[in-house]
Amino acid sequence: MSRCAGPGGIRLLWDEETGWAYAYVGPGYSIPRGPVTSLRRVYATPKAVAAAAGSLVYTGRPPTEAHEEEWLQADAVRAAIDACRPR
């Protein structure tokens, strides 16, 4: 559910190397806005990601408070990604 006015919204994007970013989206368009710099870890905790999403939905901006903690399952995810990479 979007709290944005009109048919648009905000999309969170994740990349294993660069971490979290966001974009404004709507019917037929997506405008990349940049990284969510408050999520200092590529594998941020779910709580930190939820806080960033909430800030984006309610204010249209990522939070300013830095989240340094890494998700406890980060090592398992890294191992799974490495196992799936072509050799």
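Residues numbered from 1 in each chain as written. Predicted model: local features only at pLDDT ≥ 70, side-chain atom pairs only at ≥ 80, totals over all residues. Heavy atoms only, no water.

## Points about the sheet that holds strand β3 (residues 29-35)
Backbone hydrogen bonds hold the strands of a sheet together, and the pairing may be parallel or antiparallel. To keep things clear, this is the line we draw: At least two DSSP bridges between two strands are required for those strands to pair. Under the scheme used here, helices are H or I runs from DSSP no shorter than 4 residues and strands are E runs no shorter than 2 residues, and both carry numbers assigned from the N terminus. Each axis is a line fitted through C-alpha atoms, and for a helix only the stretch in contact is used; angles between axes span 0 to 180 degrees, taken between their N-to-C directions. Every residue pair with non-hydrogen atoms within 4.5 Å of one another is taken to be in contact.
Spatial ordering of the open sheet is given by β1-β2-β3, a layout of 3 strands whose pairing is antiparallel. Here the strands that pair on one side only, and so sit at the sheet edges, are β1 (9-15) and β3. Ignoring strand direction, the axes of neighbouring strands in this sheet form an average angle of 30°. Against the sheet, helix α1 (residues 46-59) touches β1 and β2 (19-26), its axis set at about 150° to β1.

## What to know about the pattern of salt bridges
Heads up, the rule is: The term salt bridge refers to a side-chain nitrogen of Lys or Arg lying within 4 Å of a carboxyl oxygen of Asp or Glu. The rule is simple: take the accessible area with a 1.4 Å probe, protein chains only, and divide by the maximum for that residue type; under 20% is buried, over 50% is exposed, in between is partly exposed.
Scanning all chains against the criterion turns up 5 salt bridges. As a salt-bridge pair, arginine 40 and glutamate 68 come within 3.2 Å of each other at their nearest N and O atoms. Linking arginine 40 in the loop between β3 and α1 with glutamate 68 in the loop between α1 and α2 (74-84), this pair joins segments that are 28 residues apart in sequence. A relative accessible area of 52% places arginine 40 in the exposed class. The residue aspartate 75 makes a salt bridge to arginine 78 at a minimum N-O spacing of 3.1 Å. One end of the pair, aspartate 75, and the other, arginine 78, are both in helix α2, 3 residues apart, so they sit about a helical turn from each other. Relative accessible area serves as the criterion here: at 58%, aspartate 75 is assigned to the exposed category. Residue arginine 78 is classed as partly exposed on the basis of its relative accessible area of 30%. Put simply, Glu16, Asp82 and Arg85 are held in one network by salt bridges that share partners.

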